[in-house]
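# Coordinates in review
What follows is the residue order along each chain.
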Amino acid sequence: MRSLAQSFLRHSYAAAVMALVLAGSGAPQAAHAATAFPVVERTLANGLRVIIQEDHRFPVAALQVWYRVGSRNETPGLTGISHLLEHMMFKGTPRYGPKAFSRIIAENGGRENAMTSRDFTMYFTLLAPDRLPLALELEADRMRNLLLDPEELRREREVVKEERRSHAEDDPRGTFMEEVQAVAYAAHPYRQPTVGWMTDIAAIQRPDLLDYYRTYYAPNNAVLVIVGDVSATEVLPRIQELFGSVPSGPPPPRVRAVEPAQRGERRVIVRREVQ
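Now for a description of the structure that goes with this document. (Residues numbered from 1 in each chain as written. Predicted model: local features only at pLDDT ≥ 70, side-chain atom pairs only at ≥ 80, totals over all residues. Heavy atoms only, no water.)

### Things to note about the pairing of strand E2 (residues 49-54)
For E2, the buried fraction is high: 5 of the 6 residues fall into the buried class. Sheet topology places strand E1 (residues 39-43) next to E2; 5 bridges connect them, and they run antiparallel. In the sheet register, Val39 faces E2, and the bridge partner there is Gln53. What sits between E1 and E2 in their antiparallel hairpin is a turn of 5 residues, with Gly47 showing a positive phi close to 100°. Pairing between E2 and strand E6 (residues 222-228): 6 bridges, direction parallel. Within E6, the position partnered with Arg49 by the bridge is Val223. (Buried < 20%, exposed > 50% of the residue type's maximum accessible area, 1.4 Å probe, protein only. Helix = DSSP H or I, 4+ residues; strand = E, 2+ residues; numbered from the N terminus. Pairing = 2+ DSSP bridges.)

Spelled out as structure tokens, the structure:
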């Protein structure tokens, strides 16, 4: 069952989006796919976009919440804040204390994780369909009521520092790719490492995270995706009940940087001791 669930999860990330694309084409196979795996899409009054794809082949459901924020939205001095906030999303709300999210999901036979990229931050949960309402409740709560406890932040900051050491500073490939990225882009935030620079990680404080959270973690900047052995007609009212009361925020600031045309050769040579 574990390997089956893992396989389902790998394919579920883009399943809803692919189904929308197929449903919009005129190919016979597209019509078959739309019938076999129907997709329902709604946008709540607060701007939350909801995509549900029913797939009844396996008794499992995948829940994903995508926020349109990543390292491209960061400013100099705050690099890595998207990734650090991702970690803090698992550190509790007034209703559910530190580490409660992961513990509750595990106690209900599920698994969860998250990832931060240049363009988005995504949270996923894989669990039995009858446990989906619980996962929705947890996600709605942390979309609005994150604690950002200073002591938890202190501890998690050290975790992120160690991730930076292991994936960049102590990894020749990671070191090289950071240098390539910094040279490839002259003006665009893509030149910044997603994990952040060490000095920035050390300097980020709770007010920085709180402001970032309030700016980007709003329903009008999020997409909720559910794929699996679920009924859209049953799930949608629960989504409305839990997420509909979450207030929308002002439109997040756009990334205004435009990369200038490259006018010369750029090279990177990295020399370091091999350990």
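The rest of the description comes next.
### Structural notes on the environment of His83
Examined against the element boundaries, His83 turns out to sit in helix H4 (residues 81-88). With 112 residues separating them along the chain, His83 and Val195 place their C-alpha atoms 6.1 Å apart. Contacts of His83, omitting those with residues within four sequence positions, involve Glu74, Thr116, Val160, Glu163, Thr194 and Val195. (Contact = heavy atoms within 4.5 Å.)

### Re the pattern of salt bridges
Under the defined criterion, the tally for this structure stands at 19 salt bridges. With its nearest N and O atoms 3.1 Å apart, the salt bridge here joins Glu241 to Arg238. Of the two residues, Glu241 and Arg238 are both situated in helix H11 (residues 232-243); the distance of 3 residues between them amounts to about one turn of the helix. For Arg238, a relative accessible area of 25% translates into the label partly exposed. (Salt bridge = Lys/Arg side-chain N within 4 Å of Asp/Glu carboxyl O.)

### Considerations on the packing of aromatic side chains
Per the counting criterion, the structure on display carries 9 aromatic pairs. Both rings, one in Tyr67 and one in Tyr123, keep their centres 6.0 Å apart while their planes meet at 80°; by these two values the pair is edge-to-face. Of this pair, Tyr67 sits in strand E3 (residues 61-67) while Tyr123 sits in strand E5 (residues 121-127); the two residues are 56 residues apart in sequence, bridging distant segments of the chain. Across this residue pair, the class does not change: Tyr67 and Tyr123 are buried. With a centroid separation of 6.3 Å and an interplanar angle of 70°, the aromatic rings of Tyr123 and Tyr217 are classed as edge-to-face. Of this pair, Tyr123 sits in strand E5 while Tyr217 sits in the loop between helix H10 (206-216) and E6, and the two are 94 residues apart along the sequence. (Phe/Tyr/Trp six-rings, centres within 6.5 Å; stacked < 30°, edge-to-face > 60°.)

### Examining the pairing of E3
With respect to burial, E3 is a largely interior element, 6 of its 7 residues being buried. As paired strands, E3 and E5 are joined by 7 bridges and run antiparallel to one another. Its bridge partner lying in E5, Val65 is registered against Tyr123.

### Concerning the sheet that holds E3
Across the sheet, 6 strands lie side by side as E1-E2-E6-E3-E5-E4; this open sheet has mixed pairing. On the outer flanks of this sheet lie E1 and strand E4 (111-116), each paired with one strand and no other. Direction aside, the axes of adjacent strands within the sheet are offset by 10° on average. Strands in contact with H4 are E4 and E5; relative to E4, the strand with the most contacts, it is inclined by about 165°. Helix H6 (residues 132-144) contacts E3, E5 and E6 of the sheet and is inclined by roughly 15° relative to E3. (Axes fitted to C-alpha atoms, helices over the stretch in contact; angles between N-to-C directions.)

### Some words on the side chain of Glu74
Relative to the elements of secondary structure, Glu74 occurs in the loop between E3 and H4. Within the structure, the side chain of Glu74 is placed 2.8 Å from the backbone nitrogen of Gly80, a separation counted as a polar contact. Once residues lying within four places of it in the same chain are set aside, the contact partners of Glu74 are Thr79, Gly80, Ile81, Ser82, His83, Pro189, Gln192 and Tyr212. (Polar contact = N/O pair within 3.5 Å; in protein donor to acceptor, adjacent residues only side chain to side chain.)

### Some words on the packing of H4 against helix H7 (residues 150-169)
Running from amino to carboxyl end, H4 crosses H7 at an angle of 125°, the nearest separation of the two axes being 10 Å. Between H4 and H7, the angle is such that the two are oblique. Remark: the crossing between H4 and H7 carries right-handed chirality. Here His83, Leu84, His87 and Met88 of H4 come into contact with H7, specifically with Glu152, Leu153, Glu156, Arg157, Val159, Val160 and Glu163. Here the contact of H4 with H7 is composed, by residue class, of 5 nonpolar, 2 polar and 4 charged. (Parallel < 35°, antiparallel > 145°, perpendicular 65-115°, else oblique. Left-handed = near helix turned anticlockwise from the far one by under 90°. Nonpolar A, V, L, I, M, F, W, Y, C, P; charged D, E, K, R; others polar.)

### Here we look at the packing of helix H5 (residues 100-107) against H6
Axis separation between H5 and H6 bottoms out at 11 Å; the angle between their running directions is 175°. One element, H5, and the other, H6, form an angle in the roughly antiparallel class. Along its contact with H5, which presents Phe101, Ile104 and Ile105, the element H6 presents Leu134, Ala135, Leu138, Glu139 and Arg142. Along the lines of polarity and charge, the residues of the contact of H5 with H6 split into 6 nonpolar, no polar and 2 charged.

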